[in-house]
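Breakdown of the fold
Residue-level listing of the chains:
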Amino acid sequence: MPRAGVPDDPHDVLDMVFARPQEALKAARAMLETGRGPYDHSIARQAIGILRRDFGDLEAAIGELRQAVRLARRAGSPDREADVLATLGVALVQHGRTRAGLATLDQAAALSGGTTRARVLFRRAGARWILGWHREALDDLRSAAPALRRAGDTVWAARALTLRGHAQLALGSVQAADADFRTAQGMFATTRQEHDSVVAVQNRGVAAFVAGDLPTALDLLEEADQGFRKLGTPMLDLVADRCAVLLAAGLSREALEQADGGLRLLDRLRGQATRRAELLLLAARAALLAADPGTAGRRAAEARALFAGQRRDWWAEHARLILVQAELARGPATPRLLADARRLAGRLTRLGSPEVWQAHLLAGRTALALGQAAAAERHLSAASRVRHRGPATSRAGGWLAEALRADAAGQPRRLLHACRSGLALIEEHRLTFGSSELRALVTAQGVELARLALRHLHAAGRTRELLAWTERWRATALAVPPVRLPDDPELQAQLAALRRLDQLLGRARSDGAASAATLERDRARLEARVRATTLRVRGTGAGEARGPGCGQILDALGPGGRLAELVVIDGTLHALLCAGGRVRTYEIGPAAAAVAEMEYARSRLRRLAYDRDPPRDELAALGGRLEEALLGPVARLLGDGPCVVVPPSVLHATPWGLLPSLRRTAFSVAPSAAAWLRARAAAPPSGGVVLVRGPEVPNARAELHAIANLYGHPGEAAPGGPPTGGGVPEGITASAPAGGGLPEGTSPYSGGLAPGGRFPGAAGRPGPGTDGPGQDGPGQDGPGQGGHGGGAPEGTVRVLGGGGATAGAVLEAIDGCALAHVAAHGTFRADSPLFSSLYLDDGPLTVYDLERLRRAPYRLVLSSCDSGQMAPVGADELIGPATALLHLGTAGIVASVVPVNDETAVPVMVRLHAGLRRGLSLAEALRDARGDDVSFIAIGAG
């Protein structure tokens, strides 16, 4: 490179555009400042035009390229003119000026010869691919790719292979596409084309996505994003690819947000109209999957208008597919909708779209709703053919079409076979995920299959099979072996930074500092990074048997036990009561009414938590209404024996202790009967007892002091004085009695706030450093020791607090312990349940932190407000702190699903531990400890 920054060979600038874009821009501008002739200036203008086209203002790009064409003509070089015309033609197509763009590309092909013609044909193939003319694109590439390889033009030959891969992907040839992308990546690795090398990584991510391997897709797209950031080249098609992967993972809201963000960026850059239309289509699909058909219809209509103006028929028909799907979701089926769906199926078939099955499924559904059996059978039969090929999610859609056919034909065995096969594919797909969030979310793809099976079994009165099928698709994420988050230094650093940031944010809020808004944004960005890291964790591919048999459940209950499994079928809540070796079905009432009563009861209890003496008459009335809506006639059949309630995910947050039939009963709540059986079979560990106190929790020191006294080792003094009877200061490990005892069981998540209610937010976020080591002495991190025998935790009692209750120390202490009790402020994050947290001395301990445990505590007591809350997601899944711990092996948890009255919480906790010391189960100990409290429930078993 000469002193002025101009290369010796001006063509080098074009080679640099996708290798080192910023350097290419500087070199091109330097060339324009020299006295070189029109040939060189044409190259410089073309380079700037390409950079503007792909990374910025498309109008400005077209202006630059028109100048480059004029300069090439002045230079008298047909090859130079053809090369620039090809670049201009692609830019015009991307701008939506399709007719002019294609004419320009044809003109370039006519002007050129040799290697230049091969390059022109490659770019015409690119324009045809943009338009959805995939077979025509392959025709051009059949000539271009071999010619470029014969000429030894490595870079352009690799680009041709890349484009061929995209065309093959669009036509459903995933393996051939991936082979082309891998070959292209290897070829780019021999050159200095850094940008193209990163694009190859992105393309492999797209191929992995189409093949259904979402963790690999997320990994590769993240690698590509880092590469583009390093090069300083914003890539909007990467935004589109990520949106598509998020949609496949069930993260429709996140996909919609990303698509909208990409559209805003595109507007700022005045970028490609073709890319805008594609992002609008993705946003429409995301909105449809997020149950927002209104938004889906508006975005799809705008996208279709843009595609039509750009003469992109392939894309326009896919936008039309979303439009018709959204219209059917908004209202009843009509003959016009059926006609539209039929036309769509025909057009997508002619275009060779791999999504044609969706149009046939849409037409089949619409025909079924209109009572047109012959038309429904024809279209559903066509849609069902995809069940034997393609990605797991598409094949599951094919099995759904087959199930609908069987249902319409009145063939129950065929119906159940189709539902079973479709759900098995989704289960297999789910095993590729290491993320508990993705495992839960992806089950949404099986909702309709499960509903069809349940509806049929209920109508047929096949009660035992109805129970088995309910279990097959309830809380299934808990049936997959947990994947422990890796000991990734970067992830651990991110979590530590998140704790520190949360402390700074709490301080800024309490001080009213202007920096709070900036810290909020920083926290959101850091949370996004943590989440992105965990979403890429791969699954083990191993699962367990699909749901317990009815006999297993009945045998485990024994002669006096009851299990009430609630299930929603076509909007009606039913109860399956398992008792005395039988399963009986009872109709309760509208599911919507049950949810409404639950929400009303939670709202009232939230207010009553601040009353020192809540009105018993109102509590009794609330409980009676709630019981009628949730249990109906089953309430009087539960008896006095042990009872397990298995609600659907939308009813899990019910304050079950408020129900009169459960008030004096030893009952537990479980996400599924299978989860209850697994918790019941959990083997007690040999660890000891861990008591933890977070900062600024009213009455926590008194609570831990009283509980520690039950073990004969008071860990803290009550406020105002030293421990009595010889205590264990915080941070000190002491041996518990070897015999006698307290069975394992206690609690993370005890927490309180303002007097009157243990409600996170009543007194604001606890400030960092206000409860430091100076009060109780520094914490120490020595591991607990001792054995377990006779159902009582033997060995050590360990108390952490006063500055020593840090995330690292607490995780190390509770890992595999028999009993853990954590008195700390808790926050449930409905927007992102895995960021729900306990507030410790160094900041929040999130579910992501808990998922790093090798083994969860055997029993836990979570005594702060809403600590048992979990978010319903997917088909009938729950995610939150309790499910994470059950998944890792916790046998039983005591937690609150509503705000806790601070004055009553401490005696309830103390009575609970006293009951455990007498050898009671968690449910039995809570029954005896409850008194008038209605906040706490036992989750799981143990």
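Residues numbered from 1 in each chain as written. Predicted model: local features only at pLDDT ≥ 70, side-chain atom pairs only at ≥ 80, totals over all residues. Heavy atoms only, no water.

1. Details of the overall build of the protein chain
The helix and strand inventory of the protein chain stands at 38 helices and 19 strands. Sequence separation of 24 or more characterises 71% of the internal contacts of the protein chain that already satisfy a separation of 6 or more. For the protein chain, the accessible area works out to roughly 34,500 Å², and carbon and sulfur atoms hold 51% of it. (Helix = DSSP H or I, 4+ residues; strand = E, 2+ residues; numbered from the N terminus. Contact = heavy atoms within 4.5 Å. Areas by Shrake-Rupley, 256 points an atom, 1.4 Å probe, with all protein chains shown as cover.)

2. Quick look at unusual backbone geometry
Note on backbone geometry: most residues besides glycine have negative phi, and most peptide bonds are trans. One non-glycine residue, A291, lies in the positive phi region at around 60°. For E696, which is not glycine, the phi dihedral falls at a positive 55°.

3. Some remarks on the pattern of salt bridges
Tallying each qualifying case throughout the model produces 45 salt bridges. For the salt bridge of R299 with D260, the shortest nitrogen-to-oxygen distance reads 2.8 Å. Pair noted here: R299 is in helix α16 (residues 293–309) and D260 is in helix α14 (residues 252–269), with a separation of 39 residues, a long-range link. A network of salt bridges, in which partner residues are shared, links R320, E327, R336, D340 and R343. (Salt bridge = Lys/Arg side-chain N within 4 Å of Asp/Glu carboxyl O.)

4. Some points on the packing of helix α9 (residues 154–170) against helix α11 (residues 194–210)
Relative orientation of the contacting elements α9 and α11 amounts to 20°, with a least axis distance of 11 Å. Considering their axes alone, α9 and α11 lie roughly parallel with respect to each other. Every pair of crossing elements has a handedness; the one defined by α9 and α11 is left-handed. In contact with V155, R159, T162, H166 and L169 of α9, α11 contributes D196, N203, V206, A207 and V210. (Axes fitted to C-alpha atoms, helices over the stretch in contact; angles between N-to-C directions. Parallel < 35°, antiparallel > 145°, perpendicular 65-115°, else oblique. Left-handed = near helix turned anticlockwise from the far one by under 90°.)

5. Topic: α9
In an α-helix, one turn spans 3.6 residues; hence positions three or four apart end up facing the same way. In this model α9 runs 25 Å from its N-terminal to its C-terminal C-alpha over 17 residues, within 8% of the 24 Å that 1.5 Å per residue would give. Counting buried positions along α9 gives 15 out of 17 residues, so the element sits mostly inside the fold. In the segment just after α9, G172 is the residue with positive phi, at about 90°. (Expected span 1.5 Å × (residues − 1). Buried < 20%, exposed > 50% of the residue type's maximum accessible area, 1.4 Å probe, protein only.)

6. What to know about a negative patch on the surface
On the surface, D8, D9, D12 and D15 cluster together into a patch of negative charge. Note on placement: D8 falls in the segment before α1 (11–16). Owing to a relative accessible area of 66%, D8 belongs among the exposed residues under this scheme. (Patch = residues over 30% accessible without salt bridge, like charges linked within 9 Å, V, L, I, M, F, W, Y side chains within 5 Å. Lys, Arg positive; Asp, Glu negative; His and termini not counted. Charge placed at Lys NZ, Arg CZ, Asp CG, Glu CD.)

7. Digging into the pairing of strand β10 (residues 796–800)
In terms of residue burial, β10 counts as a mostly covered element, since 5 of its 5 residues are buried. Burial of the side chains of β10 extends over both faces: T796, R798 and L800 are buried on one face and V797 and V799 on the other. For strand β6 (residues 689–693) and β10, the ladder comprises 4 bridges, and the chain directions are parallel. Among the inter-strand pairings, V689 is bridged to a residue of β10, identified as V797. (Pairing = 2+ DSSP bridges.)

8. Comments concerning the packing of aromatic side chains
Two aromatic rings are characterised by how far apart their centres lie and by the angle between their planes. This model, assessed by the stated rule, comprises 4 aromatic pairs. Arranged with centres 5.3 Å apart and planes meeting at 75°, the rings of W314 and W315 form a pair that is edge-to-face. Each member of the pair, W314 together with W315, is buried. Here the aromatic cluster, defined as three or more aromatic residues joined through ring pairs, consists of F307, W314 and W315. Directly above the ring of W156 sits R159, whose terminal nitrogen or CZ lies 5.0 Å from the centroid. Its end group placed over the ring of W399, R387 keeps NZ or CZ at 5.0 Å from the ring centre. (Phe/Tyr/Trp six-rings, centres within 6.5 Å; stacked < 30°, edge-to-face > 60°. Lys NZ or Arg CZ within 6 Å of the ring centre and 35° of its normal.)

9. What about the pairing of strand β19 (residues 936–940)?
Within β19, 5 of the 5 residues are buried, which leaves it mostly tucked inside the rest of the structure. Pairing geometry for strand β18 (residues 892–896) and β19, over 5 bridges, is antiparallel. Within β19, the residue paired with G892 across the bridge is G940.

10. Structural notes on the side chain of R124
With respect to the helices, strands and loops of the structure, R124 is situated in helix α7 (residues 114–130). What R124 contacts, discounting residues up to four positions off in sequence, is L105, D106, A109 and D140.

11. Observations concerning the environment of T98
Of note, T98 is situated in helix α6 (residues 98–111). C-alpha separation for the pair T98 and F307, spaced 209 residues apart in sequence, amounts to 10.0 Å. With residues up to four places along the chain from it excluded, the contact list for T98 reads L92, V93, L131, G309, Q310 and R311.

12. A word on the sheet that holds strand β13 (residues 837–840)
An order of β12-β13-β14 is seen for the 3 strands of this open sheet, with the pairing classed as antiparallel. Strands with a single pairing partner mark the edges of an open sheet, and in this sheet they are β12 (826–827) and β14 (843–846). In this sheet, β13 lies alongside β12 in antiparallel orientation, the contact comprising 2 bridges. Bridge pairing in β13 links G826 to L838.

13. Digging into helix α12 (residues 214–231)
Relative to the 26 Å expected for 18 residues at 1.5 Å per residue, α12 spans 25 Å between its end C-alpha atoms, a close match to the ideal helical length. Remark: G232 follows α12 within two positions and exhibits a positive phi of approximately 75°.

14. A short note on the nonpolar core
Soluble globular proteins tend to pack their nonpolar side chains together in the buried interior. Within the largest apolar cluster, 67 residues are counted, with the highest numbers of intra-cluster contacts made by W656 and I893. Ignoring any residue separated from it by four or fewer positions in sequence, one finds W656 in contact with L566, L630, V645, P647, L651, L662, F667, V669 and I937. Counting residues in each nonpolar core, the second largest holds 59 residues, with V199, A244, A255 and L323 among its members. (Core = buried A, V, L, I, M, F, W, Y, C linked by side-chain atoms within 4.5 Å.)

15. A few points about the environment of A369
Along the chain, the position of A369 falls in helix α19 (residues 356–369). Overall, the relative accessible area of 59% leaves A369 in the exposed class. Distance from A369 to P332, taken between C-alpha atoms, is 8.3 Å for residues 37 residues apart in sequence.

16. A short note on the packing of α14 against helix α15 (residues 273–289)
Contact geometry of α14 with α15 gives a least axis separation of 8 Å together with a crossing angle of 160°. Classified by the angle between their axes, α14 and α15 sit roughly antiparallel to one another. When the axes of α14 and α15 are compared, the crossing they make is left-handed. For the pair α14 and α15, contact is made by S252, A255, L256, A259, D260, G262, L263, L266 and D267 and by R275, R276, L279, L280, A283, A286, A287 and L289, respectively.

17. Description of the confidence of the model for the protein chain
Summing up the model confidence of the protein chain, the mean pLDDT is 82 and the portion of residues at 70 or higher is 87%. Across residues 717–729, confidence stays below pLDDT 50; counting only partners more than four residues off in sequence or on other chains, it has 21 contacts. (pLDDT = per-residue confidence, 0-100.)

18. So, the side chain of T463
Position of T463 among the secondary structure elements: in helix α25 (residues 463–472). Excluding residues that lie within four positions of it along the chain, T463 makes contacts with L576, V583, R584 and T585.

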